Each structure stands twice: as C-alpha cells, then as structure tokens.
Amino acid sequence: MTLNELTDHVSQLFAKTFGRPPRWIVAAPGRVNVIGEHTDYNDGFVLPMAIEFYTVMAADLSSSSSSSFFDTLFKETAQIEVSQPVLRGDPKWSNYIRGVIAGFQQRGEKIPALDVLVHSTVPLGGGLSSSAALEVSTATLLETAIGKKVDPVEKALLCQKAEHEFAGMPCGIMDQFISVMGRKNHLLLLDCRSRRTELVPLDDPSVAVLIMNTNVKHELTGSEYPTRRRQCEAAAKILGVPSLRDATADALEAAKGKMDPVVYRRARHVIGEIERTVHAAEGVRASNWPTVGQLMYASHYSLRDDYQVSCPELDAVVEIAKAIGVTGGVYGCRMTGGGFGGCCVALVKADAVEAISKKIAADYKKKIGIEPTIFVSRPAAGATVIKS
Ligand code: GLA
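Let me begin by describing the structure that accompanies this report. (Residues numbered from 1 in each chain as written. Predicted model: local features only at pLDDT ≥ 70, side-chain atom pairs only at ≥ 80, totals over all residues. Heavy atoms only, no water.)

Focus on the overall build of the chain
A tally of helices and strands in the chain yields 11 helices and 12 strands. Since a compact globule built from 388 residues should have a radius of gyration of about 21 Å, the 21 Å found for the chain is in line with a globular shape. If you line up the chain on its principal axes, its C-alpha atoms span 65 × 50 × 40 Å. When each of the 388 residues of the chain is scored for burial, the buried share is 57%. Sequence separation of 24 or more characterises 72% of the internal contacts of the chain that already satisfy a separation of 6 or more. Summed over all atoms, the accessible surface of the chain reaches about 15,700 Å², with 52% contributed by carbon and sulfur. For the chain, the distance from the average position of its 43 positive side-chain charges to the average position of its 43 negative side-chain charges is 1 Å. (Helix = DSSP H or I, 4+ residues; strand = E, 2+ residues; numbered from the N terminus. Rg over C-alpha atoms; globule rule 2.2 N^0.38 Å. Buried < 20%, exposed > 50% of the residue type's maximum accessible area, 1.4 Å probe, protein only. Contact = heavy atoms within 4.5 Å. Areas by Shrake-Rupley, 256 points an atom, 1.4 Å probe, with all protein chains shown as cover. Lys, Arg positive; Asp, Glu negative; His and termini not counted. Charge placed at Lys NZ, Arg CZ, Asp CG, Glu CD.)

A closer look at the nonpolar core
Core analysis: the largest hydrophobic core is formed by 76 residues, its most contacted members being L47, L244 and C333. Considering each element in turn, this core owes the most residues, 9 residues, to helix α8 (residues 261-285). Apart from residues no more than four positions distant in its own chain, C333 is found in contact with M212, M296, Y297, H300, V317, V318, A321, C344, V345 and A346. V10, L141, I173 and L188 belong to the second-largest nonpolar core, a separate cluster that totals 55 residues. (Core = buried A, V, L, I, M, F, W, Y, C linked by side-chain atoms within 4.5 Å.)

Re the pairing of strand β8 (residues 207-217)
For β8, the tally of buried residues reaches 9 of 11 residues, placing the bulk of the element in the interior. Here 8 bridges tie β8 to strand β10 (residues 341-349), and the two strands are oriented antiparallel to one another. Counterpart to L210 in the pairing with β10 is A346. Pairing analysis gives 4 bridges linking β8 to strand β11 (residues 373-376), with the strands arranged antiparallel. (Pairing = 2+ DSSP bridges.)

As for helix α1 (residues 3-18)
For the α-helix, the turn length of 3.6 residues means that residues three or four positions removed from each other point alike. Between the first and last C-alpha of α1 there are 22 Å, a value that for 16 residues agrees with the 22 Å anticipated at 1.5 Å per step. Among all positions of α1, only L6, T7, V10, L13, F14 and F18 are buried. Looking straight down α1, one finds its buried side chains confined to an arc of 125°; they lie on one side. Exposed positions of α1 whose direction lies more than 90 degrees from the buried face are N4, Q12 and K16. Along its buried surface, α1 packs onto β1 (24-35), β2 (45-61), β3 (66-71), β5 (114-120) and β12 (384-387). Looking at the residues trailing α1, positive phi occurs at G19, about 75°. (Expected span 1.5 Å × (residues − 1). Arc of directions from axis to C-beta.)

Remarks on the packing of α8 against helix α9 (residues 289-305)
How two helices sit against one another is set out by the angle between their axes and by the gap between those axes. One way to put it is that α8 packs onto α9 with a least axis distance of 9 Å and a crossing angle of 165°. Taken together, the axis directions place α8 and α9 in an arrangement best described as roughly antiparallel. Between α8 and α9 lies a crossing of left-handed hand. Contacts between α8 and α9 involve R265, H269, E273, R276, H279, A280, G283 and V284 from the first element and W289, V292, L295, A298, S299, S302, L303 and D305 from the second. (Axes fitted to C-alpha atoms, helices over the stretch in contact; angles between N-to-C directions. Parallel < 35°, antiparallel > 145°, perpendicular 65-115°, else oblique. Left-handed = near helix turned anticlockwise from the far one by under 90°.)

So, a nonpolar patch on the surface
A cluster of nonpolar side chains, contributed by L73, F74 and L124, occupies part of the molecular surface with about 310 Å² of accessible area. Within the secondary structure, F74 is located in the loop between β3 and β4 (76-81). (Patch = residues over 30% accessible without salt bridge, like charges linked within 9 Å, V, L, I, M, F, W, Y side chains within 5 Å. Salt bridge = Lys/Arg side-chain N within 4 Å of Asp/Glu carboxyl O.)

Re the pattern of salt bridges
As enumerated under the stated definition, the model contains 21 salt bridges in all. The closest approach of N and O atoms between R107 and E154, which form a salt bridge, is 3.6 Å. Of this pair, R107 sits in the loop between α2 (94-106) and β5 while E154 sits in helix α4 (residues 152-167), and the two are 47 residues apart along the sequence. Between R276 and E273 there is a salt bridge, with the nearest N and O atoms lying 3.0 Å from each other. Here R276 pairs with E273, and both are found in helix α8, just 3 residues apart, close to one helical turn. Here R276 and E273 have matching classes, each one buried. Here the salt bridges share partners, and the residues they tie into one network are E37, E273, R276 and R334.

Quick look at the structure:
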C-alpha cells in the first residue's frame, strides 16, 4: 500500500470511528538499520534508513476535556486527560503517546484535547522501531495541532525521553532520529556524539534492501539491553575514555588483561562496529556493494559472537543468505535492531529479489519451522504532515 492509499484508508477509518472527517493526518515511518548496531549509546555512528511502513494518525479537536486515541491494532481507546500533567497509565501502548504529550507539556505547551485514530503498518516487536514511529507520529500530530514546529533534533530527543521515562527502555537516539529525519532514497549517517547527520544517497536501481522478519521475539531484550549499556560504560571507564567512541582497538588490546572477558568482547564489538559503519557509508557513496555487503556480514558475526545479541533464527537467515552468495544476488546480510529476534537486513541485486526471497523463505521454513515475512523497502521520507 502506498502512503497515499494508506492515508485514504486511515481517513475513512477515522470517519467511521468518530463520525466526521479528520482535520489533520500525519505519518511517521519505522526504520531498518543498514549497519552500526549498538553503537548509538556509545557516541558512535549509525547508518539507518526510514522504511515504507508508517504509523499514521488522523485527528480532530475533541469536544471533551480528554484526548481519545483509538488504536486499530489493539482495537482499544486510550483516554488521556490533557488538561493536567500527563503521567504513565493504561493501556500499556499509550505510554509512548503519553510520554510525548508530557514532553510537549514540559516545554510549556498547552495541548488541546483531540480525537485520534492510530493505524500502523510497522510490524510490532519486529525490531523496526514501531515504538519510535508511534512517538514521532504523536509529536508530529501535536506540532500540527498547536501550530508550532519543534526543531528536529529537539523533537527526536523529546521522543527518546518519552521512551526512557514512560516505556522504561533506555534506548539510544537512532530510532527517533531516523523517523524524524529520514529522506527518500537516502540513508542517514548519524554521528551520535555531535548529532551531525549526513544524507547518503541510496538510489541505484540495481540494488535493493531486503528485510526479513524471523517472526520470533525472545523476551530478553528488556533486561539484556541495559546490561549491554553498563558493560560498555565499564569498558570505557577501564580504558579511561568518556565513551567507546574514543577508544581504539590497540588500546583495548593493551587493556585486555585488566578487563572482564565479557566486557572486553562487548567493547571489541562496539569499536569495530563504529569503524565498519564509517567504511560502509564510504562504500555506499562509491556504490561499492560487495564491500558494503562484507561489512554487513562482519557486523553480524560480531553481534553474534562478541555482543551476543543474535539468536538461532537470525543466524539462520544470515547463513541462508550467505549460501546464496553474490552469484545468487546477495551482497551481504545481518541482524538489525536490538537483537534477540526481529529482522535481518540484506543488500541484494534488485533483479534477484524474487528468487532470493523465495529461497530464504523456503530454507528458513525448513530449518526453523515457521514462515518468515520478507519485504523490500526503498529508503523513505521521515515524519510528514499529510493533511493540515
Ligand atoms: C534499539 C534501540 C536503539 C539502538 C538499537 C541497537 O533499537 O532503540 O537506540 O541502540 O537497539 O543498535
């Protein structure tokens, strides 16, 4: 479904639910990270792109004092009293929305009561940033409703804060930044220290980005993510640097004896991954797809062996893709996002997409016993106001 078709659909759903057409429609995309995993909270580089899957919100002013957010997936309404400071509450999914409203209130904005229909095509729990899409969509709706734009960096940080404080997930800045700042046909090279961004064109029609959802989600992410963050901080402390961005592979080797072996491996991943990300961006600029592909495999193995955030299902997809190889049209493949399930991303020859998808689906089913979901996305635009 194109964004236009999706918008029409959501507009109709709003009319059916609230009995009148919407006054505003906004959309914010999910993302896939091409390379640069678990580097954002280490002040490193990431190279994500927004995908053609969106959280769309259609809205109008409400005649009541509280806002109603009806979510079409959960088929339930979150009532949020906006005349007072918004706090955490039920249902659980509404906390992403609540956190963003609270962020606007803390900036001194008075938020009007709204009737909102929320409809998302970003798969939930697939590691494609459905939560960032929900946050950024909310922020974009609030900007539209109050008639004031927030600076894009501030907006992304406000959404990240919502995730920290209202969803209890101590994420980095990647997901919210790309959902705000994505650009059609471009990857976003983000320096997570300076927050400087560079758009890297990915518009070569001969290559495609394939996204493969393992359709498993191991419930480890909650506890493992903060543990990884702490291990990285511990490594930086031993190395005497503010963050692993400032560490070198040589310094790490020299300090190996002073470090817990697990902490050492975590740091080895991060230091190597930051370097791979910068090289991959150069590879994309030069359309050097085999090099980018090799860096993607190296990233996966490092996440699997040193960072230990992969799982058998993600490894299976990568091994199947690797076996197809460049001759079969696959340049590279890796897990993407936080890990422990969710999706893999592959860079492939555009004219081989169908054959590759079929082969991966069949082999994955044979090996794991479940169907993966496989799709292609061009790099999409970040958050947009469709009707204002
Ligand atoms: C999650 C977080 C991001 C990032 C990735 C790993 O998606 O939300 O900030 O840390 O994991 O790269």
